[in-house]
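Here is how the chains run, residue by residue.
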Protein chains: 4
Amino acid sequence: MVTTRFAADDDGDLDALYQDVAEADLQPLWLLKGLLPEQPSAMRPHVWRAKTLRHLAERAGDLVGIDRGGDRRVLGLAHPDLGGLPFATRTLWGAVQYLGPGELAPAHRHSPSAIRFVLEGSGVFTLVNGDPVRMEPGDLVLTPSYAWHEHHNPGNEPMIWFDGLDLPLIGNLDAVFFENGPDELTPYDEVPVSRSEQLHGTAGLRPLYVDSSLTQQPAEHRHSPLMTYRWVDTDRALDTMLAATGGRAAALRYVDPLTGRDMMPTLRGEMHRLLPGHRTPTTRTVGSGIWVVHRGTGASVINGVRYEWGAGDILVAPSWAAVDHEATDRADLFLLSDGPVIEAVGLARTETLAHPQTVTDTVSA
Amino acid sequence: MVTTRFAADDDGDLDALYQDVAEADLQPLWLLKGLLPEQPSAMRPHVWRAKTLRHLAERAGDLVGIDRGGDRRVLGLAHPDLGGLPFATRTLWGAVQYLGPGELAPAHRHSPSAIRFVLEGSGVFTLVNGDPVRMEPGDLVLTPSYAWHEHHNPGNEPMIWFDGLDLPLIGNLDAVFFENGPDELTPYDEVPVSRSEQLHGTAGLRPLYVDSSLTQQPAEHRHSPLMTYRWVDTDRALDTMLAATGGRAAALRYVDPLTGRDMMPTLRGEMHRLLPGHRTPTTRTVGSGIWVVHRGTGASVINGVRYEWGAGDILVAPSWAAVDHEATDRADLFLLSDGPVIEAVGLARTETLAHPQTVTDTVSA
Amino acid sequence: MVTTRFAADDDGDLDALYQDVAEADLQPLWLLKGLLPEQPSAMRPHVWRAKTLRHLAERAGDLVGIDRGGDRRVLGLAHPDLGGLPFATRTLWGAVQYLGPGELAPAHRHSPSAIRFVLEGSGVFTLVNGDPVRMEPGDLVLTPSYAWHEHHNPGNEPMIWFDGLDLPLIGNLDAVFFENGPDELTPYDEVPVSRSEQLHGTAGLRPLYVDSSLTQQPAEHRHSPLMTYRWVDTDRALDTMLAATGGRAAALRYVDPLTGRDMMPTLRGEMHRLLPGHRTPTTRTVGSGIWVVHRGTGASVINGVRYEWGAGDILVAPSWAAVDHEATDRADLFLLSDGPVIEAVGLARTETLAHPQTVTDTVSA
Amino acid sequence: MVTTRFAADDDGDLDALYQDVAEADLQPLWLLKGLLPEQPSAMRPHVWRAKTLRHLAERAGDLVGIDRGGDRRVLGLAHPDLGGLPFATRTLWGAVQYLGPGELAPAHRHSPSAIRFVLEGSGVFTLVNGDPVRMEPGDLVLTPSYAWHEHHNPGNEPMIWFDGLDLPLIGNLDAVFFENGPDELTPYDEVPVSRSEQLHGTAGLRPLYVDSSLTQQPAEHRHSPLMTYRWVDTDRALDTMLAATGGRAAALRYVDPLTGRDMMPTLRGEMHRLLPGHRTPTTRTVGSGIWVVHRGTGASVINGVRYEWGAGDILVAPSWAAVDHEATDRADLFLLSDGPVIEAVGLARTETLAHPQTVTDTVSA
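Remember, predicted model here, so these are calculated numbers, not experimental data. (Residues numbered from 1 in each chain as written. Chains lettered and ligands numbered in written order. Predicted model: local features only at pLDDT ≥ 70, side-chain atom pairs only at ≥ 80, totals over all residues. Heavy atoms only, no water.)

Draft legend 1. Just the interface of chain B and chain D, in detail. Taken together, the contact between chain B and chain D spans 44 residues of the former and 44 residues of the latter. Roughly 3600 Å² is buried in total at the junction of chain B and chain D, and carbon and sulfur atoms are behind 63% of that figure. Viewed at the interface, chain D and chain B are joined by zero salt bridges. Viewed at the interface, chain D and chain B are joined by 16 residue pairs in polar contact (both at pLDDT 80 or more). Residue assignment for the side of chain B that touches chain D shows that the elements contributing at least two residues are helix 4 (195-200), strand 13 (205-210), helix 5 (231-245), strand 16 (249-254) and strand 17 (268-274) of chain B. With eight residues, helix 5 of chain B is the single largest residue contributor to the side of chain B that touches chain D. In terms of residue class, the side of chain B that touches chain D is built from 21 nonpolar, 15 polar and eight charged. Here strand 16 of chain B runs beside strand 13 (residues 205-210) of chain D; their pairing, made up of five bridges, is antiparallel. Its bridge partner being in strand 13 of chain D, Tyr254 of chain B is matched across the sheet by Leu205 of chain D. (Contact = heavy atoms within 4.5 Å. Buried area = accessible area lost by both parts, 1.4 Å probe. Salt bridge = Lys/Arg side-chain N within 4 Å of Asp/Glu carboxyl O. Polar contact = N/O pair within 3.5 Å; in protein donor to acceptor, adjacent residues only side chain to side chain. Helix = DSSP H or I, 4+ residues; strand = E, 2+ residues; numbered from the N terminus. Nonpolar A, V, L, I, M, F, W, Y, C, P; charged D, E, K, R; others polar. Pairing = 2+ DSSP bridges.)

Draft legend 2. Seen up close, the packing of helix 2 (residues 50-63) of chain C against helix 1 (residues 11-23) of chain D. Between helix 2 of chain C and helix 1 of chain D, the shortest axis-to-axis distance is 11 Å and the interhelical angle comes to 155°. As judged from the angle between their axes, helix 2 of chain C and helix 1 of chain D are roughly antiparallel. Taken as a pair, helix 2 of chain C and helix 1 of chain D cross one another with a handedness that is left-handed. Note on element contacts: helix 1 of chain D touches helix 2 of chain C through Asp13, Leu14, Ala16, Leu17, Asp20 and Val21 of chain D, opposite Leu56, Arg59, Ala60 and Leu63 of chain C. Among the residues making up the contact of helix 2 of chain C with helix 1 of chain D, the classes are represented as seven nonpolar, no polar and three charged. (Axes fitted to C-alpha atoms, helices over the stretch in contact; angles between N-to-C directions. Parallel < 35°, antiparallel > 145°, perpendicular 65-115°, else oblique. Left-handed = near helix turned anticlockwise from the far one by under 90°.)

Draft legend 3. How the structure looks around the sheet that holds strand 9 (residues 140-143) of chain C. The seven strands are arranged 15(C)-9(C)-6(C)-11(C)-4(C)-3(C)-1(D) in an open sheet whose pairing can be described as antiparallel. Lying at the two open borders of the sheet, with one neighbouring strand each, are strand 15 (228-229) of chain C together with strand 1 (26-28) of chain D. The pairing of strand 6 (residues 114-120) of chain C with strand 9 of chain C spans four bridges and is antiparallel. Of the residues in strand 9 of chain C, the one forming a bridge with Ala114 of chain C is Thr143 of chain C. Helix 2 of chain C rests against strand 3 (74-77), strand 4 (93-99), strand 6 and strand 11 (159-165) of chain C together with strand 1 of chain D of the sheet, and its axis sits at about 50° to strand 4 of chain C.

Draft legend 4. How the structure looks around the packing of aromatic side chains. A complete count under the given rule lists 29 aromatic pairs over all chains for this structure. For the pair Phe125 of chain B and Tyr188 of chain B, a centre-to-centre distance of 5.2 Å together with 45° between the ring planes defines the contact as tilted. Taken together, the residues Phe125 of chain B in strand 7 (residues 124-128) and Tyr188 of chain B in the loop between strand 12 (178-180) and helix 4 connect sequence positions 63 residues apart. What makes Phe125 of chain B buried here is its relative accessible area of 0%. Note on Phe87 of chain D and Trp93 of chain D: the rings are 6.5 Å apart at their centroids and 70° apart in plane angle, and the pair reads as edge-to-face. Relative accessible area serves as the criterion here: at 12%, Phe87 of chain D is assigned to the buried category. Members of the aromatic cluster, each reached through a chain of ring pairs, are Phe117, Tyr229, Tyr254 and Phe334 of chain A. Lying across the ring of Phe177 of chain B, Arg349 of chain A places its NZ or CZ 4.3 Å from the centre. (Phe/Tyr/Trp six-rings, centres within 6.5 Å; stacked < 30°, edge-to-face > 60°. Buried < 20%, exposed > 50% of the residue type's maximum accessible area, 1.4 Å probe, protein only. Lys NZ or Arg CZ within 6 Å of the ring centre and 35° of its normal.)

Draft legend 5. Examining the pairing of strand 7 of chain B more closely. Residue and element names in this part refer to chain B. The buried fraction of strand 7 is high, at five of five residues. With burial as the criterion, each face of strand 7 is covered, one bearing Val124, Thr126 and Val128 and the other bearing Phe125 and Leu127. The pairing of strand 7 with strand 8 (residues 131-135) spans five bridges and is classified as antiparallel. Looking at strand 8, one finds that Phe125 is bridged to Arg134. Taking the residues between adjacent antiparallel strands as the criterion, strand 7 and strand 8 are bridged by two residues, where Asn129 takes a positive phi near 45°. Sheet topology note: the strand 7/strand 10 (residues 149-152) ladder contains four bridges and is antiparallel. Looking at strand 10, one finds that Val128 is bridged to His149.

Draft legend 6. Representation of the interface of chain A and chain B in the model. Chain A puts 99 residues into the contact, and the matching count from chain B is 98 residues. Taken over both partners, the interface formed by chain A and chain B buries close to 8500 Å², and the fraction arising from carbon and sulfur atoms is 65%. There are four salt bridges connecting chain A and chain B. Counting across the chain A and chain B interface gives 29 residue pairs in polar contact (both at pLDDT 80 or more). Elements with a contribution of two residues or more to the side of chain A that touches chain B: helix 1 (11-23), strand 1 (26-28), strand 2 (46-48), helix 2 (50-63), strand 3 (74-77), strand 5 (104-110), helix 3 (167-172) and helix 6 (339-344) of chain A.

Draft legend 7. Geometry of the UniProt feature "domain: Cupin type-2" (unreviewed entry) in chain A. Under the local residue numbering, the UniProt record ascribes the feature "domain: Cupin type-2" (unreviewed entry) to residues 97-163 of chain A. Within residues 97-163 of chain A, the helical portion is 0% and the strand portion 60%, while the C-alpha atoms at the span's ends are 7 Å from each other. (UniProt positions renumbered as here; feature names shortened; annotations may be inferred.)

Draft legend 8. The pattern of salt bridges, seen in detail. Overall, the coordinates contain 92 salt bridges over all chains when judged by the stated rule. Between Glu197 of chain B and Arg230 of chain B there is a salt bridge whose closest N-O contact spans 2.8 Å. Separated by 33 residues along the polypeptide, Glu197 of chain B in helix 4 and Arg230 of chain B in the loop between strand 15 (228-229) and helix 5 bring together distant segments of the chain. Just as Glu197 of chain B is buried, Arg230 of chain B falls in that class too. For Arg59 of chain D, the salt bridge goes to Asp20 of chain C, with nearest N and O atoms at 2.7 Å. Taken together, the positions of Arg59 of chain D in helix 2 (residues 50-63) and Asp20 of chain C in helix 1 (residues 11-23) put the pair across two chains. Counted as one network, the salt bridges with shared partners bring together Asp235, Asp239, Arg273, Arg295, Arg330 and Asp332 of chain A.

Draft legend 9. Layout of the sheet that holds strand 11 (residues 159-165) of chain D. Here seven strands make up an open sheet; going across it, the order is 1(C)-3(D)-4(D)-11(D)-6(D)-9(D)-15(D) and the pairing antiparallel. If you trace the sheet from one side to the other, it starts and ends with strand 1 (26-28) of chain C together with strand 15 (228-229) of chain D, each paired once. Note: strand 9 (residues 140-143) of chain D against strand 15 of chain D, two bridges, orientation antiparallel. Residue pairing across strands places Leu140 of chain D opposite Tyr229 of chain D, the latter belonging to strand 15 of chain D. Here helix 2 of chain D sits on the sheet and contacts strand 1 of chain C together with strand 3 (74-77), strand 4 (93-99), strand 6 (114-120) and strand 11 of chain D; the angle it forms with strand 4 of chain D, its principal contact strand, is near 50°.

Draft legend 10. Quick look at the side chain of Ser300 of chain A. All names here are of chain A. Mapped onto the secondary structure, Ser300 falls in strand 20 (residues 298-302). Judged by relative accessible area, which is 3%, Ser300 ranks as buried. Beyond its immediate stretch of four places on either side in the chain, Ser300 contacts Val305, Arg306, Tyr307, Trp309, Leu315, Asp324 and His325.

Draft legend 11. Highlighting the side chain of Glu197 of chain B. Relative accessible area serves as the criterion here: at 13%, Glu197 of chain B is assigned to the buried category. Ignoring any residue separated from it by four or fewer positions in sequence, one finds Glu197 of chain B in contact with Leu226, Thr228 and Arg230 of chain B.

Draft legend 12. Broad picture of the relation of the copies chain B and chain D. If you rotate chain B by 180° and push it 0.0 Å along the axis, it lands on chain D with an RMSD of 0.0 Å. Here the transformation between the copies is reduced to the relation of a two-fold axis. When the interface residues of chain B are mapped onto chain D, 100% of them again fall at the interface, so both copies present the same face. (Least-squares fit on C-alpha atoms with pLDDT ≥ 70 in both.)

Draft legend 13. Layout of helix 5 (residues 231-245) of chain D. Residues and elements named next belong to chain D. The end-to-end C-alpha distance of helix 5 is 21 Å, a good match for the 21 Å that 15 residues give at a rise of 1.5 Å each. Trp231, Thr234, Asp235, Ala237, Leu238, Met241 and Leu242 are the residues of helix 5 that are buried. Viewed along the axis of helix 5, the buried residues span an arc of 165°, placing them on a single side of the element. Of the residues in helix 5, the exposed ones pointing more than 90 degrees away from the buried face are Val232 and Ala243. (Expected span 1.5 Å × (residues − 1). Arc of directions from axis to C-beta.)

Have a look at this one:
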């Protein structure tokens, strides 16, 4: 048997010890509960509804301006299980951002990496290190770590997009740096195609030089050179995959075309297309994810609870939660996750359950 | 100018908006302060003294047994700037562990990775996946992610070692798994050299096969196959480096001999030797570190405060803190850091300051 | 001084030694000249003319059928400096292949890797592991190591294409394997887009799964999953690069979209576009290359000799030769080289000369 | 059926075509036999005997001096199946080198990489980029690509070592560069341990800095930083592997301690130990190898022929030959192969035969 000696009965001595331990900025491991749980995690799934998000974003658009300091009109998803922290999961920031007609959000840059996934509106330009990227619904736009970025809405309609950042992770790593750009915004041309797409937008063709200047990425290549992945491409690629195979569900990952690895070292993006009537296998994965419904309707079962959803709804699936999906209308789900980080620390683990989950509760759309 | 529209003056509308936003589990980014600081981090350095650590560990040894549930007699470093969390930094767990003569700590395993660095005592065996590793002062012992480990003290003297884990990081990634082993401990031979050393302990010689069995590591090679790095080797290697160059300071990194990369994907270990009278350049590095004084005396200046130290003292240097060291007696400093994680997320950054720091305060040993 | 002892004068003894050495299947290094030259290589550049190649290919088309055994109607470039070997350089096989209307070339596979670059004709299908790839002028088609491949010309016009293989290299490595497929050809659909393009033809979008089947490449990923790079894409990408920068010359490398590395481990493919009147810098590179003129006219200076060229001409540039190009009409040059092998063995080296080459001779088109 | 059209009967036309084809520096593929064999290779195994090698090396020592131009007293293995080329296989140069008491071989460097494996003698120093490496029997010494190297025999006895180079491969890649050093040799200290061993000779300890100078290898890390692998270490490691497992055969690979990969990008080195009475499984491997018997006696069956051997004998095993070994006395076999190149080009392939080879012939020692 394991026990080697019995603890002293004399509580007075123990109490004195514990008091001295605390005063020395120490804590006895044997009194700490929950530090090493058998499995992740105590967090529950959570859903935010498109209608609420749009309604509140619009009201904020009416009442709150965008100026230096705030910089952005953003409503952050604050998961109720995170004790008031403004985070969607322990590693991911999720939010909706609203930019009204004619509005501008000034340049800044930061060490956390970000993506934008367009929910509604058209014709906004995000300048990434000065390169104007036109934004349309379903487009994914990157603003990698330390890249200057600013948003311009030159049109007549507002735009709402989903913001995803690795901010909680980078905050916990004590690695956040932030810098404001100039107050004046950058002039730009309203080109349909960004320079990053011109250089890196064709599969398998890698720019080598122009005149005598090499156009290759530097050795320290940390993120995709492509600043946007177009919905028109994503849509066609998924169609093709399903048509070519007769499949009922398919997915793509957004990757760095120069390495095939995730678009940025901390954030994984995927688009999953489900045809009606196909229920995906139930899987658990280490790491957390935010699902954004781009189009269609359906339901996801997460740890036994069925969450019905429609376009614009946002669901959080915690680490190691059992998850499956089923569409009622053809549906496209955008997934943002911390997968690359989980892989980098050597803890990637995915399990497919042998049987569909039993539904114990339903949260209606 | 950047500002696009002014915020409404009508506080009633705004208040209502903020209330609705909160009820919808959202938070307005523009009200969140400190989320994106210009630099890391608000944490201060901190020091724990050898004398206190040993005294409290011994008292715990007298008063608290080791049994299933507690499993280990460990006092965790609880940095006073972390609001009561039992962590040395936001990513690192540090602690002292005490194992009395004849004591045993039963087998368990977990997804967080750990190292042990022996401070005092001799002749303890840690079994790592059943491979007995004898522990002597200055030895570094690994218990990688998911490796079963148990501790045996067959001798007549207690042992105190420093425990370092990536537990806060893995906790924040919601990736902690834990499993108890059998209550009965594993029988073992008191061999001087572990099997891992027999196979991987000679530089540049990689085992290929025995009979028809390949001895190579699997493709998913995640951590060093060497479970211990001996003080006798480390000591000689540092001596040689200094003797060969006439240098006054030198350092080694503990690496996976099959890849040259850090010993484990989340933890970096280094040994720094300082001869008296040499002050190291002042550097800032993204990521946090725990310095354990193995031998000698000296002082480190961290963000302008001079911390004097001696053998067994433990200092925490926060992310991006300015740090330099100077020995009064020849000193050996063991460093545990989260460097590999910072590199994996693409945020590694080190800066050497042009001038020595001005000392604004001194914390005596 | 270096010499340590003088050689014996007694030629009789030496002669006897050399005879015994030879009989023992040995050779004295000190008698071998040219084994370790100061620089590569004694090979000269060489040019083959489009007119000759087409004329001879057509005559072969009239006179020689395609049947099992021969398998292909191919005229191999036999560099006159290679002593009768049928190779373009010491590492590269180059050839023109002719497939008449209605002709078929049966399936085989081999360990050497191959590319096809279409010179003339339209509508041929190459089946790569059963996947039909339609071929048009300027298209690059891969038949990687061990991939089954067969050619079908269902149309009314002949096709001529350039064949490039790593055959001399793989032969020298004693690593050639060859296997015939069935005598009967494979039925196929005349689809405009191959399955490989459907799955991997969009930059940055990586197929993840269809239904429950992962579509990811296996861990041992050795070559591009994309079997063709379309001229229409290459042409547009080069246009864009030049238009975006105002440049006069630009180049693209054909890469594996899942890794960004060369399309196959032994063969590098590039397309270089030159606008009239721009002379490229003169460079030397370790490794040999075959330049195929896709369109336009101009001249290349190689080791001081000016070679004029037009569409369909093929030039060999030996290792370490000084090379520059100039177009008279806008020109597109396809380059096939052994660059990845030179890099793999650690000997990549490129030098840009400070001054343009002096032309000592001209070879007219 | 495959055949698409019949060849013309009119030999006159065909003859004219073939003549024109030849004059155009072309060759018809369909007339080339053996270009794509079903398997490698037509080469036979070959053996050189220790007694002959030593005897001829000694005679050369008596008759031939070492001076600039020849530079080295080396007898190259010239495989009888290579048509007079002075190479052991199509990719590997093998040789014995003889350096008499007091002799010196001056500095040069070249792009081909080399190893030395000491057969007889003691106390020679090879300077690798000025770092003196003492040589003893069984030691492996590297002189990587472009490293300056010179040999000094300060003692009273001659030394004979085996030289292995990638020269045929690098020659075929047209990538040989060569440079003579100064005529005067470099002064050095007769230290027992080279600087490379001091810095990189302890498993798992990677030098980080001395004073403010980083000692890490540059990013373009192409070969092992360790210039010698000591027999004393190799011997002990093999003993340990066998003792720990009760095995009858074991092998080690010499690797770069900073990467775990082969010691140099083109050459693989291994030491295989066989206890008497154990016959290894029969394997075929793509790529060629030279086996040097370090100690012991036994026999290898290669493609059905049994070659008996003793210390100092050298055998060549061609690519894809079936090979097994059996020791009569405990034996140590050093293997030099082109394995890393075969892997780099994506053609690595090893097959273990289900049954031992039938011996059809024996070549006695």
